[in-house]
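The lines below spell out each chain.
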Amino acid sequence: MTSALDTPRPSSHSADADDDTTLMAPTPQRRQNDSATFASEILEKLTYAIGKNPAAARRHDWLEATTLAVRDRIIDHWLESNQKTTESGEKRVCYLSMEFLIGRLLRDAISNLGLTQSVTEALAVYDVELDMIELLEPDAALGNGGLGRLAACFMESMASTGVPAFGYGIRYVHGFFRQEVVDGEQVELPENWLMHGNPWEFERRENSYEIGFGGKVAAIDEPGKPPRQIWRPGERVLAVAYDTPIVGWRGNHVNTLRLWSAQSLDPILLDAFNSGDHIGALREANKAEAITRVLYPADSHQAGQELRLRQEYFFSSASLQDIIRRHLKAYGTLHNLSDKVAIQLNDTHPAVSVAELMRLLIDVHGFAWDEAWTITQATFSYTNHTLLPEALETWPIHLFERLLPRQMQIIYAINAQTIREATQKGLDGGKITAISLIDENNGRRVRMGQLAFVGSHAINGVSALHTELMKETVFHSLHELYPSRIQNKTNGVTPRRWLMQANPGLTALVTDAIGPAFLDNVEKLADLDALATDAAFREKFMAVKLENKQRLAKVIEERLAISVDPGAMFDIQVKRIHEYKRQFLNIIEAIALYDQIRSHPERNWQPRVKIFGGKAAPSYAQAKEIIHLINDVARVVNADPSVQNLLKVVFIPNYNVSLAEIIMPAADLSEQISTAGLEASGTGNMKFALNGALTIGTLDGANVEMLEHLGEENIYIFGLTAAEVAARRREAHSGRSIIENSRLLREALDSIVKGVFSPDGQERYASLVSNLYNNDWWMIAADFEAYWQTQRKLDDLWQDTPSWGEKAVRNTARMSWFSSDRSIREYAKDIWRAGPGAPAS
Ligand code: 26W
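- By the naming in an unreviewed UniProt entry, the protein is Alpha-1,4 glucan phosphorylase, taken from Aureimonas glaciei.
- Under the heading Catalytic activity (unreviewed entry), UniProt records this for the protein: "[(1->4)-alpha-D-glucosyl](n) + phosphate = [(1->4)-alpha-D-glucosyl](n-1) + alpha-D-glucose 1-phosphate".
- Heading Sequence similarities (unreviewed entry) of the UniProt record for the protein holds this comment: "Belongs to the glycogen phosphorylase family."

This is the structure we're talking about:
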């Protein structure tokens, strides 16, 4: 165990056992990968690791035996990767993220190691199907949505592109809640991914660190030495590391996802226990362990709870102590830290790291302020994922001071230094208020965005539009002060998981058509463009789509007992439920369509299945009402024989990574309809289009760049621009006159208010609807007409099968730029200066 709380440590080599030594095998043995070897190894694992023979084995035992056999291969590659990085002294990237939404790992590992065929054949020997057992693996839901999934795609891409990296996060006992729909409403149930153990993780007790909270700061004035501050925490908990290997494409490189678990320091030695108060002692242990018990289920609203701040500091401090220990062991000094380590802050959740690294450098390792600051800024960079004011983290000063008194002092000092610099550069009072790390207007709060910004050498947005808006809005004044710091890094998704694994049918077809080069270089997908006008190819492409739709239709039938026609257009919106994402706009359009089909049955309507999925934050009342409305509408529409073959509405409960893997390949139409200026990037938009769905979307987030890459004839853009939304908001826009002038919209809203979909609850949606009349903050009324018209254009296109098919093929062909490999290469080159091709340091 290492303590960096109050004992100044000499800059010397540590004797701790650690990952580098445990993972330093002489020459790892290479196992055979043929199916016979696999079959015998799976049998051996079943027998000796699980203690069963094939006759007694349940499906879950086969899953575990298979996982262990595959894991052995990964460990071989893992050892090699670690050894290579340690020996070469290459720079490492440390990706600090509160969330890693990794989903299931078995298919990912098997596919990246090229073992799919061997493992399938090996299991067949025992009459076991890989496709069946892999479904039993829990979906690791250590994240809410886009930010967490991006971290998972980035980990996979760093391994695939050979960037040596650690992902650092929290090992939540309970991940994101499981959603059920009962009587149309969301019900939240606890998630229990560790229930059957977790064969992917390795506990590393030797990598444990003490994390302090509370207490006091003492000034120490020793003769002949400069006075210094020492933090004496009132509480300490232990952070224990759990490592999961992350395998890159073809197993060329394996990185580590290191998640921290909180444990009480030593419950047995607690005074309470000694005095016989066992319950009291357990209370202490419980309090410590509560830190990593559950993921906060909020993706756009700051919870503001003390426990959340504890989580943030806990994993930040543990990660930094770990980084420092490894660095000291290799180099014996921290002066060159930023040459060897790049730390990426995934949003502001780990932003307290800026103050914590300063504390460790100054108080523990004896650095002077100026050098500590230079090292800190050169080491950190920060990604912003949202401009929503309610999502920008701030903490009340009194809470921060009580929990982290020394870090608070350091933040004040950073603030004073920043304001000095701004004043010297001639910034006026208003601008100084804007850059201040302390918000003086709302009961004095620490602004984590400002802290992350000033502590970093590079700050990035996640799409071109979002980055420009960052410069104009939240970070306007900081951008003026440090004009070269903000840069754009448009998001991406890993083609391994989101094309090759999720869509084996399309992968086989593409391999057949253009050869396998795209597997290693996704940009080769562009070769498909030439086939978009080839009728035979298009038909095969749409036949694969149909199979994927049949697979989804089966899931819908099994889970919801709703039968949908795979020949209908699958129009899908899956993502967190939020007002700005405008699922409400989508369901109003469904209602208007329902009305129109019934009043004009003679028109040439095209059959559609409107599919929704997503979770609402448990405390977000409006989002939950929207889920309720979708389910209410679904019940009425699906039971109405007059629209039977033309319209179905489906809400699939418990949207998660595993469901996404079934849904993305099965979409004809992808709904990306956020109020312009509010979706930082979106990554679902990329997964859908890569799998050949057309997009209906606003000029928001990465949709803007998708338009550039796809060409305007291959994407359906509608609605107000970000600038127009901002202008309307300044003019105190309301929806009333728009609604009064649009019969379609008015009638749809009237039917909601009249209780057509909620005969048992007439008032249920009154406020949802009156918000549109009185305010229309999210521009739903404002964009409705354009949305409706664009949907009808898509109806027309649907009838023209060759044209639809051509556009679908072009979507797959032209989406390769949105690979997270491309994002990672840009980060590596422009921000981290790490990875293949980086200058040696
Ligand atoms: C403090 C509460 C909280 C928690 C999480 C506020 C905000 C967040 C995240 C920033 C929410 C999030 O997941 N943002 C999404 O990040 C994706 C990856 O960059 C983007 O593609 C999405 O547009 C963005 O909404």
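## Quick notes on the site of the ligand
Reasoning step 1: Residues in close proximity to the ligand total 23 residues, the closest being L147, H385, N491, E679 and G682.
Reasoning step 2: Within the backbone of L147, an N or O atom sits 2.9 Å from an oxygen atom of the ligand.
Reasoning step 3: One of the backbone N or O atoms of S681 is found 3.0 Å from an oxygen atom in the ligand.
Reasoning step 4: Coverage of the ligand by the protein amounts to 96% of the 570 Å² it exposes when considered alone.

## Quick word on the environment of R402
Reasoning step 1: Its place among the elements puts R402 in helix α14 (residues 397-403).
Reasoning step 2: With 284 residues separating them in the primary sequence, R402 and M686 have C-alpha atoms 44 Å apart.
Reasoning step 3: Leave out the neighbours within four places in its chain, and R402 touches G214, G215 and E306.

## As for the packing of aromatic side chains
Reasoning step 1: Throughout the structure, instances matching the rule amount to 21 aromatic pairs.
Reasoning step 2: Consider the rings of F537 and F541, whose centres lie 6.2 Å apart with planes at 50°: the pair is tilted. Remark: F541 and F537 occur in helix α23 (residues 535-560); sequence separation between them is four residues, near one turn of the helix.
Reasoning step 3: When its relative accessible area of 6% is taken as the criterion, F537 is described as buried.
Reasoning step 4: Looking at F541, the relative accessible area reads 2%, which means it is buried.
Reasoning step 5: By the ring-pair criterion, three or more aromatic residues cluster together here, those being Y95, F154, Y827 and W832.
Reasoning step 6: The aromatic ring of F166 is capped on one face by R326, whose charged end is 3.9 Å from the ring centroid.
Reasoning step 7: The ring of W788 carries R792 above its face, with NZ or CZ at 4.2 Å from the centroid.

## Section: the sheet that holds strand β12 (residues 341-346)
Reasoning step 1: Read from one edge of the open sheet, nine strands run β7-β10-β11-β4-β1-β12-β13-β17-β18, paired in mixed fashion. Only two strands of the sheet have a single neighbouring strand rather than two, namely β7 (202-213) and β18 (486-488). Averaged over all adjacent pairs, the angle separating strand axes in this sheet is 25°, with direction ignored.
Reasoning step 2: Here three bridges tie strand β13 (residues 380-383) to strand β17 (residues 458-461), and the two strands are oriented parallel to one another. When the sheet's bridge partners are listed, S381 is paired in β17 with A458.
Reasoning step 3: Relative to β13, helix α13 (residues 369-379) is tilted by about 45°, and along the sheet it contacts β12 and β13.

## So, the packing of helix α31 (residues 743-753) against helix α32 (residues 766-774)
Reasoning step 1: Interhelical geometry of α31 versus α32 gives an angle of 145° and a closest axis separation of 9 Å. Relative to α32, α31 is oriented so that their crossing is left-handed. Contacts from R746, L749, D750, I752 and V753 in α31 reach V769, L772 and Y773 in α32.

## What about the environment of T120?
Reasoning step 1: Turning to its location among the elements, T120 is positioned in helix α5 (residues 116-124).
Reasoning step 2: The sequence separation of T120 and N631 amounts to 511 residues, and the corresponding C-alpha distance is 39 Å.

## Observations concerning the nonpolar core
Reasoning step 1: If you look at the biggest cluster of nonpolar residues, it comprises 260 residues, and the most contacted ones within it are F314, F400, L552, F584, I588, I752 and W832.
Reasoning step 2: Counting residues per element, this core draws most heavily on helix α24 (residues 583-599), which supplies 10 residues.
Reasoning step 3: The two domains that each donate at least three residues to this core are domain 1 (2-30 + 89-104 + 139-490 + 825-832) and domain 2 (496-818).
Reasoning step 4: Not counting residues within four places of it along the chain, the set of residues in contact with F584 comprises I626, L629, I752, L768, L772 and I780.
Reasoning step 5: Formed by six residues, the second largest nonpolar core is a distinct cluster that contains A676, L720, A722 and M779.

## Some points on unusual backbone geometry
Reasoning step 1: One non-glycine residue, R250, adopts positive backbone phi at about 60°.
Reasoning step 2: Following the sequence through the fold, R250 ends up in the loop between β10 (235-247) and β11 (254-264).
Reasoning step 3: Of note in this structure, A732 is not a glycine but carries a positive phi near 55°.
Reasoning step 4: Residue placement: A732 occurs in the loop between α29 (722-730) and α30 (736-741).
Reasoning step 5: Exposure remark for A732: the relative accessible area of 63% places this residue in the exposed category.

## Let's talk about the pattern of salt bridges
Reasoning step 1: For the structure on display, the rule yields 58 salt bridges.
Reasoning step 2: D668 is the partner of K549 in a salt bridge, and the nearest nitrogen-oxygen pair spans 2.6 Å. Of this pair, K549 sits in helix α23 while D668 sits in the loop between α26 (657-663) and β22 (669-672), placing them 119 residues apart in sequence. The burial state of K549 is the same as that of D668; both residues are buried.
Reasoning step 3: In this structure, a network of salt bridges that share partners links the residues D571, E589, R608, K610, E671, R792 and D795.

## Quick look at the domain arrangement of the protein
Reasoning step 1: Looking at the assigned domains, one finds that the protein contains domain 1 (2-30 + 89-104 + 139-490 + 825-832) and domain 2 (496-818).
Reasoning step 2: Computed from C-alpha atoms alone, the centre-to-centre distance between domain 1 and domain 2 is 36 Å.
Reasoning step 3: With 41 residues of domain 1 at the interface, the matching set in domain 2 holds 40 residues.
Reasoning step 4: For the interface between domain 1 and domain 2, the tally reads four salt bridges.
Reasoning step 5: A salt bridge links R250 to D520; the nearest nitrogen and oxygen atoms lie 2.8 Å apart.

## Things to note about helix α33 (residues 780-799)
Reasoning step 1: If you check α33, its first and last C-alpha atoms are 28 Å apart, about what 20 residues at 1.5 Å a residue would give, namely 28 Å.
Reasoning step 2: Along its length, α33 reaches its greatest deviation from straightness, about 25°, at A786.

## As for the UniProt feature "modified residue: N6-(pyridoxal phosphate)lysine" (unreviewed entry) in the protein
Reasoning step 1: Here the UniProt-annotated "modified residue: N6-(pyridoxal phosphate)lysine" (unreviewed entry) positions come out as K687.
Reasoning step 2: Within the fold, K687 resides in helix α27 (residues 684-690).
Reasoning step 3: If we ignore the near neighbours within four places in the chain, the residues touching K687 are R149, V493, W498 and M664.

## Some remarks on the packing of α24 against α31
Reasoning step 1: Between α24 and α31, whose axes approach to 9 Å, the crossing angle comes to 100°. Looking at the two axes, α24 sits roughly perpendicular to α31. Between α24 and α31, the residues in contact are F584, I588, I591, A592, D595 and Q596 and L744, L745, E747, A748, L749, S751 and I752, respectively.
Reasoning step 2: Taken together, the residues of the contact of α24 with α31 break down into nine nonpolar, two polar and two charged.

## Some remarks on the sheet that holds strand β14 (residues 394-396)
The strands making up a sheet associate through backbone hydrogen bonding, with each pair oriented either parallel or antiparallel.
Reasoning step 1: Pairing within the open sheet is antiparallel, and its three strands lie in the order β14-β16-β15. Each edge of the open sheet carries a strand with a single partner, namely β14 and β15 (438-439).
Reasoning step 2: In this sheet, strand β16 (residues 445-447) lies alongside β14 in antiparallel orientation, the contact comprising three bridges. Counterpart to P396 in the pairing with β16 is R445.

## Things to note about the pairing of strand β21 (residues 647-652)
Reasoning step 1: Within β21, six of the six residues are buried, which leaves it mostly tucked inside the rest of the structure.
Reasoning step 2: Of the two faces of β21, the one carrying L647, V649 and F651 and the one carrying K648, V650 and I652 are both buried.
Reasoning step 3: Two elements, strand β20 (residues 608-613) and β21, share six bridges in a ladder whose sense is parallel. Opposite G613, over in β21, you have I652 as the bridge partner.

Reading guide: rules and limits
- Residues numbered from 1 in each chain as written.
- Predicted model: local features only at pLDDT ≥ 70, side-chain atom pairs only at ≥ 80, totals over all residues.
- Heavy atoms only, no water.
- UniProt positions renumbered as here; feature names shortened; annotations may be inferred.
- Near = heavy atom within 4 Å.
- Polar contact = N/O pair within 3.5 Å; in protein donor to acceptor, adjacent residues only side chain to side chain.
- Areas by Shrake-Rupley, 256 points an atom, 1.4 Å probe, with all protein chains shown as cover.
- Helix = DSSP H or I, 4+ residues; strand = E, 2+ residues; numbered from the N terminus.
- Contact = heavy atoms within 4.5 Å.
- Phe/Tyr/Trp six-rings, centres within 6.5 Å; stacked < 30°, edge-to-face > 60°.
- Buried < 20%, exposed > 50% of the residue type's maximum accessible area, 1.4 Å probe, protein only.
- Lys NZ or Arg CZ within 6 Å of the ring centre and 35° of its normal.
- Pairing = 2+ DSSP bridges.
- Axes fitted to C-alpha atoms, helices over the stretch in contact; angles between N-to-C directions.
- Left-handed = near helix turned anticlockwise from the far one by under 90°.
- Core = buried A, V, L, I, M, F, W, Y, C linked by side-chain atoms within 4.5 Å.
- Domains from an automatic or database assignment.
- Salt bridge = Lys/Arg side-chain N within 4 Å of Asp/Glu carboxyl O.
- Expected span 1.5 Å × (residues − 1).
- Bend = angle between axes of the 7 residues up to and from the residue.
- Parallel < 35°, antiparallel > 145°, perpendicular 65-115°, else oblique.
- Nonpolar A, V, L, I, M, F, W, Y, C, P; charged D, E, K, R; others polar.

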